Amino acid sequence: MIKTLTLIDAICAIALFITVFMGLHAKMEKRVSDWFVLTRLALIVAAITALATTLMFFHLHPLLFVGRIIWLLIALFAIEAAFRQKRETFGNPWLFFATYLILIINVVINIW
């Protein structure tokens, strides 16, 4: 069961990075919105699997699982801010870089 959840976590982390990258580099606002919807879907699946693994294996490493959930919330806030900036203005390169960095760390955490 844990292998399946870990695989789903890894796939969601990679999908999250790809959807954010495509959304932040889209030229039309409609495409930005479309990628943002897909990003939110990947975030929902990632949150569900993180919550499931936390509930199942909390007694083993409580701080590790709580840290993963907190990191997912940080990624959520960064993604929301980056997409808001992209919609309102042409975006902020430093915010995009920080979001990409957070998502790369998220991929490493979920694959490890």
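- The chain has the name DUF1516 family protein in an unreviewed UniProt entry, where Limosilactobacillus mucosae is given as its organism.

## Regarding the UniProt feature "transmembrane region" (unreviewed entry) in the chain
Phase 1: UniProt's entry tags residues 6-25, 37-58, 64-82 and 94-111 with the feature "transmembrane region" (unreviewed entry), counted in the numbering of this structure.
Phase 2: Between the C-alpha atoms that bound residues 64-82 there is a distance of 27 Å. The span itself is 100% helix and 0% strand.
Phase 3: Along residues 94-111, the helical share is 100% and the strand share 0%, with 26 Å between the first and last C-alpha atoms.

## As for empty space enclosed by the protein
Phase 1: As enumerated under the stated definition, the model contains 1 cavity of 30 Å³ or more in all.
Phase 2: In this structure, the largest cavity encloses a volume near 70 Å³.
Phase 3: Taken together, Asp-9, Ala-46, Ala-50, Arg-68, Trp-71, Leu-72, Asn-106, Ile-109 and Asn-110 make up the full set of residues lining the largest cavity.
Phase 4: Broken down by secondary-structure element, the contributors of at least two residues to the lining of the largest cavity are helix H2 (29-57), helix H3 (62-88) and helix H4 (93-111).

## Side note on the nonpolar core
Phase 1: Leu-16, Val-20, Leu-24, Ile-79, Phe-83 and Leu-103 are the most contacted members of the largest nonpolar core, which totals 21 residues.
Phase 2: Broken down by secondary-structure element, the contributors of at least two residues to this core are helix H1 (2-24), H2, H3 and H4.
Phase 3: Once you skip the residues sitting within four places of it in the chain, Ile-79 turns out to touch Leu-16, Val-20, Phe-36, Thr-39, Leu-43, Thr-99 and Leu-103.

## Things to note about the packing of aromatic side chains
Phase 1: Per the counting criterion, the structure on display carries 4 aromatic pairs.
Phase 2: Through pairs of rings, three or more aromatic residues link up here, namely Phe-17, Phe-21 and Tyr-100.

Scoring rules and cut-offs
Residues numbered from 1 in each chain as written. Predicted model: local features only at pLDDT ≥ 70, side-chain atom pairs only at ≥ 80, totals over all residues. Heavy atoms only, no water. UniProt positions renumbered as here; feature names shortened; annotations may be inferred. Helix = DSSP H or I, 4+ residues; strand = E, 2+ residues; numbered from the N terminus. 1 Å grid on protein atoms, 1.4 Å probe; cavity = no way out; pocket = protein on both sides within 12 Å on 5 of 7 lines; lining within 4 Å. Points joined across faces, edges and corners; volume = space filled by probe spheres on them. Core = buried A, V, L, I, M, F, W, Y, C linked by side-chain atoms within 4.5 Å. Buried < 20%, exposed > 50% of the residue type's maximum accessible area, 1.4 Å probe, protein only. Contact = heavy atoms within 4.5 Å. Phe/Tyr/Trp six-rings, centres within 6.5 Å; stacked < 30°, edge-to-face > 60°.

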